Amino acid sequence: MKLKGRDIISLKDFSREEIDHVLKMAQAMEPLAESRSNMLHGRILATLFFEPSTRTRLSFESAMHRLGGTSIGFAEAGIASVKKGENLADTIRVVENYADVIVVRHPLEGAARLAAEFANVPIINGGSGAEEHPTQALLDLYTVVKERGTIDGLNIALVGDLRYGRTVHSLAYALSLYDVNLILVSPSMLRMRREVLDAIEEKIRVAEKATLDEIIDDVDVLYVTRIQKERFPEPAEYAKVRGSYQVDLKLLERAKQSMIILHPLPRVDEIAVEVDDTHHARYFQQVWNGIVTRMAILSMVLGKNG
Amino acid sequence: MKLKGRDIISLKDFSREEIDHVLKMAQAMEPLAESRSNMLHGRILATLFFEPSTRTRLSFESAMHRLGGTSIGFAEAGIASVKKGENLADTIRVVENYADVIVVRHPLEGAARLAAEFANVPIINGGSGAEEHPTQALLDLYTVVKERGTIDGLNIALVGDLRYGRTVHSLAYALSLYDVNLILVSPSMLRMRREVLDAIEEKIRVAEKATLDEIIDDVDVLYVTRIQKERFPEPAEYAKVRGSYQVDLKLLERAKQSMIILHPLPRVDEIAVEVDDTHHARYFQQVWNGIVTRMAILSMVLGKNG
Amino acid sequence: MKLKGRDIISLKDFSREEIDHVLKMAQAMEPLAESRSNMLHGRILATLFFEPSTRTRLSFESAMHRLGGTSIGFAEAGIASVKKGENLADTIRVVENYADVIVVRHPLEGAARLAAEFANVPIINGGSGAEEHPTQALLDLYTVVKERGTIDGLNIALVGDLRYGRTVHSLAYALSLYDVNLILVSPSMLRMRREVLDAIEEKIRVAEKATLDEIIDDVDVLYVTRIQKERFPEPAEYAKVRGSYQVDLKLLERAKQSMIILHPLPRVDEIAVEVDDTHHARYFQQVWNGIVTRMAILSMVLGKNG
């Protein structure tokens, strides 16, 4: 299987076989991530972040550097040529000359796909609007496989802002290719988008719930995301529901011994700090897994691997 | 011919022989730009952008990385030491310790030359005020030679904002060393600066025109630049003249088959998108040519080449 | 002596033997700083600047690149994950996955030490609040040894803002380990912090003075820092004392021939430009010394040296 030259825009574009292959390649990257490699020596990554995202940017750069490559780019919305009125298509047709692969982060949905239409080098979607964040979902899946040995057969709960959280959209599409029970836990205002539900409900079992309390006993993977207060028209509304989506030691008393907690980070208070030291917590290990997953992706689209 | 240690501040400082030599070295860089090189392994480029310019910065960084070097720098006007009241001379005397070559972009005319007076490492002008942008002009000339085989004997039109466009100033100085017919096409408010006209009119044939319509039949190279609405005291004034400087398919019906269109980018609407697919369009190829030209310049001033 | 894995947070944590060892390693780096090295090939430095500081950041990056390593990071206060409410401990636990060593610059005192408590990779304090700036002090000491052959026996004056200047705090702690006469020269409002005085007065001779005029004849090392006008409630207050802390040719007439002037830079007007060409001035050489000192520190904490 070859991903050389492939754009990574949406996990909707990927088969289960392709995802499994990426996860296998990620595992193969573990020793290189430690020891470093010259596999991509001379290759250049461009990180075009029209919207800031320090951790996604640094994760890609760290992955590229571990493989011997270099990186260039920008990290602010207000870049010069865009201020001067340039459209995204032109920016991409310029930057594809500077680099061998481009990661695009953009506040607008569809931006990464538009970029891919104009570029002759591979485009990786580093997050587009509230739509998708495919490499985050791949590293989430890699974490599940690494920690639990399999994805099939698990009860997986996605918790928090399922409406605007791009990570959970990508993850839901990917999980629908596996044999899982998906539980969606959110305030009613922040329920999973209709379009995502429609796409996944015909493939896997999906249940929507309103509180963590109802589901904690049976879950194998608890995927927690941040709920932004600003989504609620009244702060009082937020205050009312908030507690139902917070993970603390008390809640964990009822969890399975083997249950793992993931979070795309940054977190605010949806996971209590006291949880960090439990054997359930895996959200900081996810960060490392992101590096090896992105090493796999970069090496594959550049035709040096897999 | 040696450019080792040379500052690249203004094309007024260059002879035709020197420019021809740079263009020849740029051509020699084409295969290295593709395959990458270790020619500048261990060398450090500093990009000091007191004014943002994503594409010039990324172009220099891509050139440096393709030659095996690395880059450091800043991309925002409000850098810390400048905010604290430091003058440019001190900033340069500090940064020359960090790097082997420095690219300076500055909103004030004369800034790059001042930097060169204080630095012991080569300074490259990455654009100073509305004055000059010498490496852009060199890549423009390289594009003409690459596409047309020669500069001598051509009818070359510079179109748009000839008053504030730093690119066209550098280009006009350089073209005055060749045997060309130069046609200047601009609204009267944005005519070529007197000082540039005085310097070039004694060397080459220069004609000033008010519209593209008058000159399109005879032109070999059409060099289009952006006209900023803000230059006009009344928006209505701009609206009146705007159409006279826009390139579209209709205008191109009357152009020579071999005519090429260049643009320093970013463009807004002065070249219609429909023109991109014609055989006249060369503005995206210019971006690639900028990388090889800057590879030539960096390797030459660092004494590794030519 | 091994500094592998060591955090560099405060010079209060260092013995004289350790500091002398760092200075010796810095000297050993001089030829490598010129010729470049592959000692840290494949290693990654993260520069987390929650507060901008172009020169400290570029100095560390230049040091890392000269040793064959690479760097990633951010240079603005308003980074994405912090805006989203993330605490420093979480940021550090994320970034330690991306890099082999982390430099933290933070507006709050104690930030670097907090980071070190959470990180598994070495943390280097790149300046924390008004508290300390240990690598600046180490490069200052290296400059003294390089220029004068020794630190012991010298009359060393610290001049300017001794209250908020983090550099002078770190330097005072370090100098208290040597046999020096320390003279503190500042407006009364900006006197050295009580906590620093308490720590050093039991170890070395310390005298506080109000003007440069009183001390210039006997000084061997004049360490000048910037006085920020904003520290004074009334601009008139500042105007009154300002002249007492400015170094010019007239003042230098009374200085020892061998006296050297240091400054952490940037300077505003506390050292007149006319002083730059005298044989007393060493503040631009300090910048170079900062690179070799940081090369020594990076290679030592990464276990490749010393």
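Calculation rules
Residues numbered from 1 in each chain as written. Chains lettered and ligands numbered in written order. Predicted model: local features only at pLDDT ≥ 70, side-chain atom pairs only at ≥ 80, totals over all residues. Contact = placed C-beta atoms within 7 Å. Helix = DSSP H or I, 4+ residues; strand = E, 2+ residues; numbered from the N terminus. Nonpolar A, V, L, I, M, F, W, Y, C, P; charged D, E, K, R; others polar. Pairing = 2+ DSSP bridges. Axes fitted to C-alpha atoms, helices over the stretch in contact; angles between N-to-C directions. Right-handed = clockwise from strand over helix to strand, strands pointing away. Parallel < 35°, antiparallel > 145°, perpendicular 65-115°, else oblique. Left-handed = near helix turned anticlockwise from the far one by under 90°. Least-squares fit on C-alpha atoms with pLDDT ≥ 70 in both. Domains from an automatic or database assignment. Core = buried A, V, L, I, M, F, W, Y, C linked by C-beta atoms within 7 Å. Buried ≥ 20, exposed ≤ 12 C-beta atoms within 10 Å, placed from the backbone. Expected span 1.5 Å × (residues − 1).

**Topic: the interface of chain B and chain C**
With 18 residues of chain B at the interface, the matching set in chain C holds 19 residues. Of all elements in the fold, only β2 (70-74), α3 (80-83) and α4 (88-95) of chain B reach the threshold of two or more residues within the side of chain B that touches chain C. For the side of chain B that touches chain C, the element with the highest residue contribution is α4 of chain B, accounting for 4 residues. For the side of chain B that touches chain C, the per-class residue count stands at 9 nonpolar, 5 polar and 4 charged.

**Some words on the sheet that holds strand β8 (residues 221-224) of chain C**
Residues and elements named next belong to chain C. Read from one edge to the other, the open sheet built from 5 strands follows the order β7-β6-β5-β8-β9, with strand pairing classed as parallel. Looking at which strands have only one partner, the edges of the open sheet turn out to be β7 (205-209) and β9 (260-262). Strand-to-strand twist of the sheet, defined as the mean angle between neighbouring strand axes without regard to direction, takes the value 20°. By the bridge criterion, 3 bridges tie β8 to β9 in an arrangement that is parallel.

**Some words on the sheet that holds strand β6 (residues 181-185) of chain B**
Working definition: the strands of a sheet are paired by backbone hydrogen bonds and lie parallel or antiparallel to each other. All names here are of chain B. Spatially, β7-β6-β5-β8-β9 is the arrangement adopted by the 5 strands of the open sheet, whose pairing is parallel. Two strands close off the open sheet at either side, each with one partner strand: β7 (205-209) and β9 (260-262). Taking the axes of each pair of neighbouring strands and ignoring which way they run, one obtains an average angle of 20° across the sheet. Pairing between strand β5 (residues 155-159) and β6: 5 bridges, direction parallel.

**Overview of the pairing of β7 of chain B**
Along any regular strand, the residues point their side chains to alternate faces of the sheet. All names here are of chain B. Pairing geometry for β6 and β7, over 5 bridges, is parallel. Its bridge partner being in β7, Leu184 is matched across the sheet by Glu208. Read from β6 through helix α8 (residues 194-201) to β7, the crossover connection turns out right-handed.

**Considering the packing of helix α6 (residues 134-148) of chain A against helix α11 (residues 283-301) of chain A**
Residues and elements named next belong to chain A. Between α6 and α11, the least distance of the axes is 8 Å, while the angle of their chain directions is 115°. With respect to α11, the element α6 is oriented roughly perpendicular. Helix-helix and strand crossings are classified by hand; for α6 and α11 the assignment is right-handed. Seen from α6, the contacting residues are Thr135, Leu138, Leu139, Asp140, Tyr142, Thr143 and Lys146; seen from α11, they are Gln285, Gln286, Asn289, Gly290, Thr293, Arg294 and Ile297. Across the contact of α6 with α11, the residue classes break down as 4 nonpolar, 7 polar and 3 charged.

**Re the relation of the copies chain B and chain C**
By a simple turn and slide, chain B fits onto chain C: the slide is 0.0 Å along the axis, the RMSD is 0.1 Å, and the turn is 120°. The relationship between the two copies is best expressed as a three-fold rotation axis. Using C-alpha coordinates, one finds that chain B approaches the rotation axis most closely at Thr70 of chain B, a distance of 4.8 Å.

**Concerning the interface of chain A and chain C**
Counting residues at the interface gives 19 residues for chain A and 18 residues for chain C. Elements represented by at least two residues in the side of chain A that touches chain C include exactly α2 (54-66) and α11 of chain A. Broken down by element, the side of chain A that touches chain C gets its largest block of residues, 7 residues, from α2 of chain A. Looking at the side of chain A that touches chain C residue by residue, the class counts come to 10 nonpolar, 5 polar and 4 charged.

**A word on the domain arrangement of chain A**
Residues and elements named next belong to chain A. Partitioning chain A into structural domains gives domain 1 (11-132 + 287-301) and domain 2 (134-286). At the junction of the two partners, domain 1 supplies 22 residues and domain 2 supplies 22 residues. Looking at the side of domain 1 that touches domain 2, the elements with two or more residues in it are α1 (16-35), β4 (123-128) and α11. For the side of domain 1 that touches domain 2, the leading source of residues is α11, giving 7 residues. Per-class residue counts for the side of domain 1 that touches domain 2 are 10 nonpolar, 6 polar and 6 charged.

**Quick notes on the nonpolar core**
Counting residues in hydrophobic clusters, the biggest one holds 308 residues, and the most contacted among them are Leu298 of chain A, Leu298 of chain B together with Leu298 of chain C. If we ignore the near neighbours within four places in the chain, the residues touching Leu298 of chain B are Leu40, Leu45, Ala63, Met64, Leu67 and Val101 of chain B.

**Description of α6 of chain A**
Owing to its 3.6 residues per turn, the α-helix brings residues three or four apart onto one side. Residues and elements named next belong to chain A. For α6, with 15 residues, the first-to-last C-alpha span of 21 Å sits near the 21 Å given by 1.5 Å per residue. Among all positions of α6, only Pro134, Thr135, Gln136, Ala137, Leu138, Leu139, Asp140, Leu141, Tyr142, Thr143 and Val144 are buried. Those residues of α6 hidden inside the fold are in contact with α1, β4, α7 (166-175), β8 (221-224), β9 (260-262) and α11. Two residues or fewer past α6, Gly149 is found with a positive phi of approximately 85°.

**As for unusual backbone geometry**
Residues and elements named next belong to chain A. With omega at 0°, the peptide bond leading from Leu265 into Pro266 counts as cis. The phi dihedral of Leu265 falls on the positive side, at around 60°, and the residue is not glycine. Following the sequence through the fold, Leu265 ends up in the loop between β9 and α11. Classification of Leu265 as buried rests on a count of 23 C-beta atoms within 10 Å.

**Remarks on the pairing of strand β4 (residues 123-128) of chain B**
All names here are of chain B. Of all 6 residues making up β4, 6 are buried, and the element is well covered by its neighbours. With 4 bridges joining them, strand β3 (residues 101-106) and β4 adopt parallel strand pairing. Each residue of the ladder has a partner; that of Val104, found in β4, is Asn125.

**A look at the packing of α2 of chain A against α11 of chain A**
Residue and element names in this part refer to chain A. Viewed as axis vectors pointing N to C, α2 and α11 meet at an angle of 65°, and their least axial separation amounts to 8 Å. The handedness of the crossing between α2 and α11 is right-handed. Listed contacts from α11 to Ser59, Phe60, Ser62, Ala63, Met64 and Arg66 of α2 are Gly290, Ile291, Arg294, Met295 and Leu298. Looking at the contact of α2 with α11, its residues break down into 6 nonpolar, 3 polar and 2 charged.

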